[in-house]
Amino acid sequence: MDLKFNHSRKYISITVPPKTQTMSPHIKSIDDIVVLGINLSRFNKLTQFFICVAGVFVFYLIYGYLQELIFSMEGFKSYGWYLTLVQFAFYSIFGLIELQLIQDKRRRIPGKTYMIIAFLTVGTMGLSNTSLGYLNYPTQVIFKCCKLIPVMLGGVFIQGKRYNIADVSAAVCMSLGLIWFTLADSTIAPNFNLTGVILISLALCADAVIGNVQEKAMKLHNASNSEMVLYSYSIGFVYILLGLTCTSGLGPAVTFCSKNPIQTYGYAFLFSLTGYFGISFVLALIKIFGALLAVTVTTGRKAMTIVLSFMFFAKPFTFQYVWSGLLVVLGIFLNVYSKNMDKIRLPSLYDLINKTVEMRKSRTLAQTV
């Protein structure tokens, strides 16, 4: 719509862009959410949720298997940061390709924000990959699952959110279940190393913050997933490259990987490809449903990853894993319920008592009649 008034010295033009055009990044307009060519905006919320969950589970289960497979190779455990460097390089290439396929190629999020997000991403993935050189895979995954409470705390302090009793109960159940799992693992297969615990704990803190920062930035500036991936991982690539160069860790890693190109670069490509697809669905979850639900879904995925890890890689087993896993599942249910309290109404204790009294009265009346 154009309104133009052209008199002798006055010229006023008001232009309202059509829906296909992108509005100002500071205006929260409703854009299409496209993930791997799938326009999620065409579906209802429930369908969007199931599509995102399916994408997260499928791609990240393959991702977890390849990650453990790479670190099971003899001599590779000390090169976790180099694997992260290669992973960030592939992510940047994938993000650039995807960004070229969309019409709007402008960067909407400020560069300073991307520098912060990139730093947190490096901390999350780099420290997590490096910790596998000191911890076994299930223990590392268990520690990563415990980020639910830090995400909630980050939501409170960063975005000023408030969570209900169901969310808090979900976080408590999941954390207790994961702690129980860790204790069981340390009992039957003690493989703990203080360095690994410190690394994964720092990765956990960075991971707890990054979800809230990404959610706030994407909603404020209405940025696309491909933009977020491209800039955060390309800047993170520079961070890691500078770090490895300054610490002289680049040369030995390149030499080792050049001797085993298929087991390193080949697996790293598939590892990065599935991880990129997975992170695209995670970012869609964050943008549509928020950081807390996204973390809940990824936590459930990690539980499934642990099951597959026991299936494909020989490890000792105890039924404490099962009971602690069920406690985690209860936490996931409580979180999903808290997000759909208006659709799923569980009966209260008062309702149950009233229903029981009414049933007894009806039985007594029937017997009297």
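Look a little higher up for the structure.
Residues numbered from 1 in each chain as written. Predicted model: local features only at pLDDT ≥ 70, side-chain atom pairs only at ≥ 80, totals over all residues. Heavy atoms only, no water.

Colleague: What is the right way to read the packing of helix α3 (residues 111-131) against helix α8 (residues 225-246) from this model?
Modeller: A pair of packed helices can be characterised by two numbers: the angle between their axes and the separation between those axes. Put simply, α3 and α8 touch, their axes get as near as 8 Å, and they point 70° apart. With respect to their mutual orientation, α3 and α8 come out roughly perpendicular. Relative to α8, α3 is oriented so that their crossing is right-handed. Judged by residue contacts, Tyr114, Met115, Ile117, Ala118, Phe119, Thr121, Val122 and Met125 of α3 engage Glu227, Met228, Tyr231, Ser232, Tyr233, Ile235, Gly236, Tyr239 and Ile240 from α8. A class-by-class count of the residues in the contact of α3 with α8 yields 13 nonpolar, three polar and one charged. (Axes fitted to C-alpha atoms, helices over the stretch in contact; angles between N-to-C directions. Helix = DSSP H or I, 4+ residues; strand = E, 2+ residues; numbered from the N terminus. Parallel < 35°, antiparallel > 145°, perpendicular 65-115°, else oblique. Left-handed = near helix turned anticlockwise from the far one by under 90°. Contact = heavy atoms within 4.5 Å. Nonpolar A, V, L, I, M, F, W, Y, C, P; charged D, E, K, R; others polar.)

Colleague: I tried to follow α8 on my own but got confused; where do I start?
Modeller: Because the α-helix completes a turn every 3.6 residues, residues three or four places apart line up on one side. Look at α8: 32 Å from first C-alpha to last across 22 residues, which is about the 32 Å you get at 1.5 Å a residue. The set of residues buried in α8 consists of Asn225, Ser226, Glu227, Met228, Val229, Leu230, Ser232, Tyr233, Gly236, Ile240 and Leu244. Along its buried surface, α8 packs onto β3 (34-35), α2 (80-100), α3, α7 (194-221), α9 (250-259) and α10 (261-289). Remark: Ser248 follows α8 within two positions and exhibits a positive phi of approximately 60°. (Expected span 1.5 Å × (residues − 1). Buried < 20%, exposed > 50% of the residue type's maximum accessible area, 1.4 Å probe, protein only.)

Colleague: Hey, could you run me through the packing of aromatic side chains in this one?
Modeller: Centre-to-centre distance and the angle between the planes together describe a pair of aromatic rings. According to the stated counting rule, one finds 20 aromatic pairs in the structure shown. Both rings, one in Phe90 and one in Phe269, keep their centres 5.4 Å apart while their planes meet at 75°; by these two values the pair is edge-to-face. Residue Phe90 is located in helix α2, and its partner Phe269 is located in helix α10; the two are separated by 179 residues in the primary sequence. Note on Phe90: relative accessible area 19%, which makes it buried. For Phe269, a relative accessible area of 34% translates into the label partly exposed. Among the aromatic side chains, those forming a connected cluster through ring pairs are Phe59, Phe88, Phe90, Tyr91, Phe94, Tyr233, Phe269, Tyr276, Phe277 and Phe281. The aromatic ring of Phe289 is capped on one face by Lys45, whose charged end is 5.5 Å from the ring centroid. Taking NZ or CZ as reference, Arg107 lies 5.9 Å from the ring centre of Tyr231, over its face. (Phe/Tyr/Trp six-rings, centres within 6.5 Å; stacked < 30°, edge-to-face > 60°. Lys NZ or Arg CZ within 6 Å of the ring centre and 35° of its normal.)

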